[in-house]
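Structural description and commentary
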Amino acid sequence: MASNLSHKERYEKCYDPQKMKERYFTPESAFYNDTIVQNFNNFIKLFSSGDVKGDSLIALSYGPHIYYTLPACEYFNKITFACSDDKSIQEVQKWLKNEPDALDSSRIIKKICELQGCGDTWTEKKHMLQNKVKTVLKHDSTNRNPLSPVIYPQADCLVLAHYLEHFVTDEKSYCEALKNVSSLLKTGGHLIMSACLEATFFMCGDFKFPIFCLYEGFLKDALKGAGYVILEDYIYHRVAESQYDILDHKYVVVLKARKEREL
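Rules behind the numbers
Residues numbered from 1 in each chain as written. Predicted model: local features only at pLDDT ≥ 70, side-chain atom pairs only at ≥ 80, totals over all residues. Heavy atoms only, no water. Pairing = 2+ DSSP bridges. Helix = DSSP H or I, 4+ residues; strand = E, 2+ residues; numbered from the N terminus. Axes fitted to C-alpha atoms, helices over the stretch in contact; angles between N-to-C directions. Core = buried A, V, L, I, M, F, W, Y, C linked by side-chain atoms within 4.5 Å. Buried < 20%, exposed > 50% of the residue type's maximum accessible area, 1.4 Å probe, protein only. Contact = heavy atoms within 4.5 Å. Parallel < 35°, antiparallel > 145°, perpendicular 65-115°, else oblique. Left-handed = near helix turned anticlockwise from the far one by under 90°. Nonpolar A, V, L, I, M, F, W, Y, C, P; charged D, E, K, R; others polar. Phe/Tyr/Trp six-rings, centres within 6.5 Å; stacked < 30°, edge-to-face > 60°. Lys NZ or Arg CZ within 6 Å of the ring centre and 35° of its normal. Salt bridge = Lys/Arg side-chain N within 4 Å of Asp/Glu carboxyl O.

1. Observations concerning the sheet that holds strand 1 (residues 54-60)
Pairing within the open sheet is mixed, and its 7 strands lie in the order 3-2-1-4-5-9-8. Edge strands, defined here as strands with exactly one partner in the open sheet, are strand 3 (133-138) and strand 8 (228-237). Sheet twist, expressed as the average angle between the axes of neighbouring strands with direction ignored, equals 15°. Of the pairings in the sheet, the one linking strand 2 (residues 76-83) to strand 3 comprises 5 bridges and is parallel in character. Looking at strand 3, one finds that Ile79 is bridged to Val133.

Quick look at the structure:
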């Protein structure tokens, strides 16, 4: 049964990218304003500030949600994207190659571009992102090198979009995973992060996926302990007024932090 699986096994065996997209990332979803409009408005603010830029960006995701890097693609030369499971990696690779059976993300990308004020050129922005994604890998945040066996130079920016809380079980394992993924970022580089606060689970299809219950105070303390200084943060109450049986978060946080030291 799924309840007996580890976090990593659960994503490998039970996670369905198509069902995830339909439930959370379409305008018909009750969570659309949470997952798309609010999240990306804040991502756009953080990347358009002018100080988050450089040569390389690494983004870690629990699924094939590569569009989280769309607001960043004009500020970096190359992007490395890492997923938690093989199905998600396959979906990203199909999307990068414009294969006919790839997940259709056109409405999501168009909406993000509209929020940026460039809705008419969303296809060009899509092609820019496809050209800048150089590598798609599998990650494991419990590993000291989360991209093992690949060894990468540290990046100028690290994006964690609703990520760590999906793969840990308590405060200790969260701090350890945060330390591990932070090894991918240069000292002086920027972390862009979004996370659901006070959530314990989400549903994908018929499967229930646990989420470590993350609180604002603990998150900020964990970032400080991992060598970061928080520069900006936006916290907003969930927009969806129903479907707490699907996803039970209370708040969403989006933040920008600078890595001040190696641990």
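2. As for the nonpolar core
Core analysis: the biggest nonpolar cluster contains 90 residues, and Phe47, Leu60, Tyr174 and Phe202 have the highest contact counts within it. With near-sequence residues (within four places) excluded, Phe202 lies in contact with Tyr11, Met20, Tyr24, Tyr62, His166, Phe207, Lys208, Phe209, Ile211, Ile246 and Leu247.

3. Topic: the packing of helix 7 (residues 171-182) against helix 8 (residues 216-225)
Put simply, helix 7 and helix 8 touch, their axes get as near as 10 Å, and they point 40° apart. Here helix 7 lies oblique to helix 8, going by the angle between them. Helix-helix and strand crossings are classified by hand; for helix 7 and helix 8 the assignment is right-handed. Residues Glu171, Tyr174, Cys175 and Leu178 of helix 7 pack against Phe218, Leu219, Ala222 and Leu223 of helix 8. Looking at the contact of helix 7 with helix 8, its residues break down into 7 nonpolar, no polar and 1 charged.

4. What about the packing of aromatic side chains?
Tallying each qualifying case throughout the model produces 16 aromatic pairs. Arranged with centres 6.0 Å apart and planes meeting at 85°, the rings of Tyr15 and Tyr62 form a pair that is edge-to-face. Of this pair, Tyr15 sits in the loop between helix 1 (7-14) and helix 2 (17-24) while Tyr62 sits in the loop between strand 1 and strand 2; the two residues are 47 residues apart in sequence, bridging distant segments of the chain. In this structure Tyr62 comes out as buried when scored by relative accessible area, which is 6%. For the pair Tyr174 and Phe218, a centre-to-centre distance of 5.6 Å together with 65° between the ring planes defines the contact as edge-to-face. Within this pair, whereas Tyr174 is found in helix 7, its partner Phe218 is found in helix 8, the two being separated by 44 residues in sequence. Residue classification places Tyr174 among the buried positions, given a relative accessible area of 0%. Chaining the aromatic ring pairs together yields one cluster made of Tyr15, Tyr24, Phe31, Tyr62, Phe202 and Phe209. Cation over ring: Arg238 sits above Tyr244, and NZ or CZ is 3.8 Å from the ring centre.

5. Some remarks on the packing of helix 3 (residues 32-47) against helix 5 (residues 106-116)
The description of two packed helices rests on the angle between their axes and on the distance between the axes. The contact between helix 3 and helix 5 brings their axes to 10 Å, and the two run at 45°. Classified by the angle their axes make, helix 3 and helix 5 are oblique. Both helix 3 and helix 5 take part in a crossing whose hand is right-handed. Residues Tyr32, Ile36, Val37, Phe40, Asn41 and Ile44 of helix 3 form the contact with helix 5, whose own contacting residues are Ile108, Lys111, Ile112, Leu115 and Gln116. Among the residues forming the contact of helix 3 with helix 5, the class breakdown is 8 nonpolar, 2 polar and 1 charged.

6. Side note on the pattern of salt bridges
For the structure on display, the rule yields 14 salt bridges. The salt bridge involving Lys256 is made with Asp51; its shortest N-O contact spans 3.1 Å. With Lys256 in strand 9 (residues 251-259) and Asp51 in the loop between helix 3 and strand 1, the pair connects residues that are 205 residues apart, well separated along the chain. Take Asp51: its relative accessible area is 36%, and that puts it in the partly exposed class. A salt bridge links Glu91 to Lys94, with the nearest nitrogen and oxygen atoms 3.5 Å apart. Residue Glu91 and its partner Lys94 are both found in helix 4 (residues 86-96); the two are separated by 3 residues, about one turn of the helix.

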